Amino acid sequence: MQHCTTADLDELLHWIALGATGSMAQQWELQQRDRFPADRDTRIGWLAKQVELLRRLNTEWAEQFRAHIPVQCPGVRLEDVDAHPLG
């Protein structure tokens, strides 16, 4: 948990969207887990879903989130995230 403050409404909404879509994406990945090999990095699925959910809200937020994946999740390749089936 961290303490953040801002006077920028867009930034606040971005933070809220990151938290909400992150929780939704992780729940989605847990429900889909049996569709994929057991040795697969589960972060790929929830990151792909979170990018998709963020795109529905704001494409800029989605691209910012996607750009930080290699830093936030070492070892996860963007190519794998982009190619992950979501349907």
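The structure we're discussing is the one just above.
Residues numbered from 1 in each chain as written. Predicted model: local features only at pLDDT ≥ 70, side-chain atom pairs only at ≥ 80, totals over all residues. Heavy atoms only, no water.

S.K.: Help me out: how do you make sense of the nonpolar core in this one?
M.R.: Side chains that are nonpolar tend, in soluble globular proteins, to be buried together. Leu47, Leu54, Phe65, Ile69, Val76 and Val81 are the most contacted members of the largest nonpolar core, which totals 17 residues. Where this core is concerned, the elements lending two or more residues are helix 1 (9-32), helix 2 (42-57), helix 3 (59-72) and helix 4 (78-83). A total of seven residues in this core trace back to one element, the largest contributor, which is helix 2. Not counting residues up to four positions away in its chain, the partners in contact with Phe65 are Leu18, Leu47, Gln50, Val51 and Leu54. (Core = buried A, V, L, I, M, F, W, Y, C linked by side-chain atoms within 4.5 Å. Buried < 20%, exposed > 50% of the residue type's maximum accessible area, 1.4 Å probe, protein only. Helix = DSSP H or I, 4+ residues; strand = E, 2+ residues; numbered from the N terminus. Contact = heavy atoms within 4.5 Å.)

S.K.: I would appreciate a short explanation of the pattern of salt bridges in the present structure.
M.R.: Here the idea is simple: oppositely charged side chains can pair when their charged atoms come close. In this structure the tally under the stated criterion is nine salt bridges. With its nearest N and O atoms 2.8 Å apart, the salt bridge here joins Lys49 to Glu52. Residue Lys49 and its partner Glu52 are both found in helix 2; the two are separated by three residues, about one turn of the helix. On the accessibility criterion, Glu52 (22% relative accessible area) is partly exposed. The network of salt bridges with common partners includes Glu29, Arg33 and Arg40. (Salt bridge = Lys/Arg side-chain N within 4 Å of Asp/Glu carboxyl O.)

S.K.: Help me understand the packing of helix 1 against helix 2 in this model?
M.R.: Helix packing geometry: the angle between the two helix axes and the distance between the axes. Close contact between helix 1 and helix 2 brings their axes to 8 Å; oriented N to C, the two are set at 135°. Viewed along their axes, helix 1 and helix 2 adopt a mutual orientation that is oblique. The handedness of the crossing between helix 1 and helix 2 comes out as right-handed. Where helix 1 approaches helix 2, its residues Ala17, Leu18, Thr21, Gly22, Met24, Ala25, Gln26, Trp28 and Glu29 are matched on the opposing element by Thr42, Gly45, Trp46, Lys49, Gln50, Leu53, Leu54 and Leu57. Split by residue class, the contact of helix 1 with helix 2 holds nine nonpolar, six polar and two charged. (Axes fitted to C-alpha atoms, helices over the stretch in contact; angles between N-to-C directions. Parallel < 35°, antiparallel > 145°, perpendicular 65-115°, else oblique. Left-handed = near helix turned anticlockwise from the far one by under 90°. Nonpolar A, V, L, I, M, F, W, Y, C, P; charged D, E, K, R; others polar.)

S.K.: For this particular structure, what's the right way to read the packing of helix 1 against helix 3?
M.R.: It is the contact of helix 1 with helix 3, at a shortest axis distance of 11 Å, that shows an interaxial angle of 60°. Between helix 1 and helix 3, the interaxial angle falls into the category oblique. Crossing handedness for the pair helix 1 and helix 3: right-handed. Where helix 1 approaches helix 3, its residues Asp10, Leu13, His14, Ala17 and Leu18 are matched on the opposing element by Trp61, Gln64 and Phe65. A breakdown of the residues in the contact of helix 1 with helix 3 according to their chemical character gives five nonpolar, two polar and one charged.

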